[in-house]
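Each chain is listed here by its residues.
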Amino acid sequence: MIEKYIITPFQKFARIESFSGILLFIATVIALVWANSPFSDSYFSIWQYKLGISTQSFALYKPLILWINDGLMAVFFFLIGLEIKRELLIGELNTVKKAAFPFFAALGGMLVPVLIYLSLNSNPDAGSGWGIPMATDIAFSLAILKMLGKRVPLGLKVFLTAFAIVDDLGAVMVIAIFYSTDIKWYLLAYSLIPLLTLVFMNGRQLYSKYLTVALGVVVWFLFLKAGIHPTVAGVLIALTVPIRQRMDVNTYITKLGDITSKVKESEDKDSHVLTKKQIEEIDNLEDWTDKVQSPLQHLEHKLHNWVAYFIMPVFALSNAGVAFGGNMQLDSSVIAIIAIALVVGNFIGVSTLSFLGVKLKVAEFPAGAKKIQVFGIALLAGVGFTMSIFIANLAFLEQPMLVDSAKIGIIVGSLIAGIGGYLLLRFSGNSTEAA
């Protein structure tokens, strides 16, 4: 029973993220090959093609790359918000004991890479890039764990997922506070009206997907125009989605029994199609199902495949391309610093603070894990592809040389961290030092 309701859904989540990591890798390779092929002009021009609506009194006209980074990625952040809320309420972060180990790991994985970046960087223009190495790419890291199969205990995968979600929460806060500029406070004040409406509905366990989408688009637009990065709106809107509705499961089961009885009573054995009464009862079943299912769970389930199989690969395809040419200008120090901060920073930060939490007796090791495997996970934490590239675009806005340098540093660092983490976990199976 426990396996059915807890382990199996997590394994399904891990499978989706694992395959998403493979797609991310393929999209990255395609972007790099395309950007350095004879058709490189088409690669860079297609993402600058402008789309939108523009009138005398209203303008929403942006290059395709910004529709992806500001629009599609808002859906990605919306899903992150749903995952954060679920984990805080009913998941691996819903108690202090459960949250302690991944929290300490995430804290180390954020603070130490930032400190390493700031201590090594001497370029004032690159100073704003300190947030780049602080987030773990859950899709890539879970894809690597998937390759290891049963060599990695399930508890370790749950730990990686939990601390990556805490990492994402930290990254969202950093984006909201440090990478939003020229804020128009009056537009931000206007955005509180639809947000507070959704909060009120959440408190009353009222939910309408159409109203949520409509108000969500309004909040997204106001954040965009206010100067707060619109992806933050995605997280805030997700936090207003109720985890349950007013109808409880027992009432639903009773209604289900009534509908089943009525469908049987209305059966026409001489007909090969449903009767009118049966069609009505099936419609009633759909209505009652909408009223009982968790809005948060339902949205997370519906969006997960879209984000994993479409949005993240499209983001990688549009953002990972860097043209390597003879006249290419790069900042080698930025490349090296980001790679070092990702690999060394996450390895030291995640492992040190994880063990510190255990030493202070406020955290416990993942079930069935070994100490050396925690070191392997700490290395994997340096795979920061999606969120790192996203933050690099914000940090080095209108500085293409630094953006390209950051992307190369991210790819190099993520490759080293991924390969190193895989090898350490691959050959840690014979270790008998249980945590």
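Residues numbered from 1 in each chain as written. Predicted model: local features only at pLDDT ≥ 70, side-chain atom pairs only at ≥ 80, totals over all residues. Heavy atoms only, no water.

### Concerning helix α11 (residues 276–292)
Its 17 residues place the ends of α11 25 Å apart at the C-alpha level, agreeing with the 24 Å of an ideal helix rising 1.5 Å per residue. Buried residues along α11 sit in contact with α10 (249–265). (Helix = DSSP H or I, 4+ residues; strand = E, 2+ residues; numbered from the N terminus. Expected span 1.5 Å × (residues − 1). Contact = heavy atoms within 4.5 Å.)

### Digging into the nonpolar core
Counting residues in each nonpolar core, the largest one holds 111 residues, and the members touching the most others are F76, F77, L82, L145, F163, I377 and F396. The leading source of residues in this core is helix α6 (residues 154–178), at twelve residues. Not counting residues up to four positions away in its chain, the partners in contact with F77 are V172, I175, T231, G234, V235, M387 and F390. (Core = buried A, V, L, I, M, F, W, Y, C linked by side-chain atoms within 4.5 Å. Buried < 20%, exposed > 50% of the residue type's maximum accessible area, 1.4 Å probe, protein only.)

### Concerning empty space enclosed by the protein
Inspection of every chain in the model, using the stated rule, returns two cavities of 30 Å³ or more. In this model, the largest cavity occupies a volume close to 150 Å³. In terms of lining residues, the largest cavity is bounded by 14 residues, among which F76, I80, I138, D168 and M312 are the most central. Of all the secondary structure elements, the ones that give two or more residues to the lining of the largest cavity are α3 (64–90), α12 (295–319) and α15 (385–395). (1 Å grid on protein atoms, 1.4 Å probe; cavity = no way out; pocket = protein on both sides within 12 Å on 5 of 7 lines; lining within 4 Å. Points joined across faces, edges and corners; volume = space filled by probe spheres on them.)

### Quick notes on the pairing of strand β2 (residues 59–63)
Here strand β1 (residues 50–54) runs beside β2; their pairing, made up of five bridges, is antiparallel. Looking across to β2, one finds that L51 is bridged to K62. Once β1 ends, the chain turns through four residues before running back antiparallel as β2. (Pairing = 2+ DSSP bridges.)

### What about the pattern of salt bridges?
Here the structure, examined in full by the defined rule, presents three salt bridges. The closest approach of N and O atoms between R86 and E87, which form a salt bridge, is 2.9 Å. You'll find R86 and E87 in the same group, each marked buried. Members of the salt-bridge network, linked through shared partners, are R86, E87 and E300. (Salt bridge = Lys/Arg side-chain N within 4 Å of Asp/Glu carboxyl O.)

### With respect to the confidence of the model for the protein
In this model, the protein carries a mean pLDDT of 84, and residues with pLDDT of at least 70 account for 93%. Note that pLDDT drops below 50 for residues 1–7; the model gives that stretch five contacts with residues more than four away or on any other chain. Per-residue pLDDT stays below 50 along residues 430–435; that stretch engages in ten contacts with residues further than four places along the chain or on separate chains. (pLDDT = per-residue confidence, 0-100.)

### A few points about helix α4 (residues 96–120)
Taking 1.5 Å of rise per residue, the 25 residues of α4 would be expected to cover 36 Å, and the 35 Å separating its terminal C-alpha atoms lies within 8% of that figure. In α4, a bend of some 25 degrees at P102 exceeds every other bend along the element. (Bend = angle between axes of the 7 residues up to and from the residue.)

### Considering unusual backbone geometry
A positive phi angle, close to 65 degrees, is found at K361, a residue other than glycine. Mapping K361 onto the fold places it in the loop between α13 (332–359) and α14 (371–380). Judged by relative accessible area, K361 falls into the exposed class, the value being 76%. Phi is positive for E398, close to 65 degrees, though the residue is something other than glycine. Along the chain, E398 falls in the loop between α15 and α16 (400–426). We classify E398 as exposed; its relative accessible area is 74%.

### Some details on the environment of L195
Its location among the elements puts L195 in helix α7 (residues 185–203). The buried category is assigned to L195, whose relative accessible area is 9%. C-alpha separation for the pair L195 and V218, spaced 23 residues apart in sequence, amounts to 9.3 Å. In this view, L195 contacts V219, F223, L236, I237 and T240; residues no more than four positions away in its chain are not counted.

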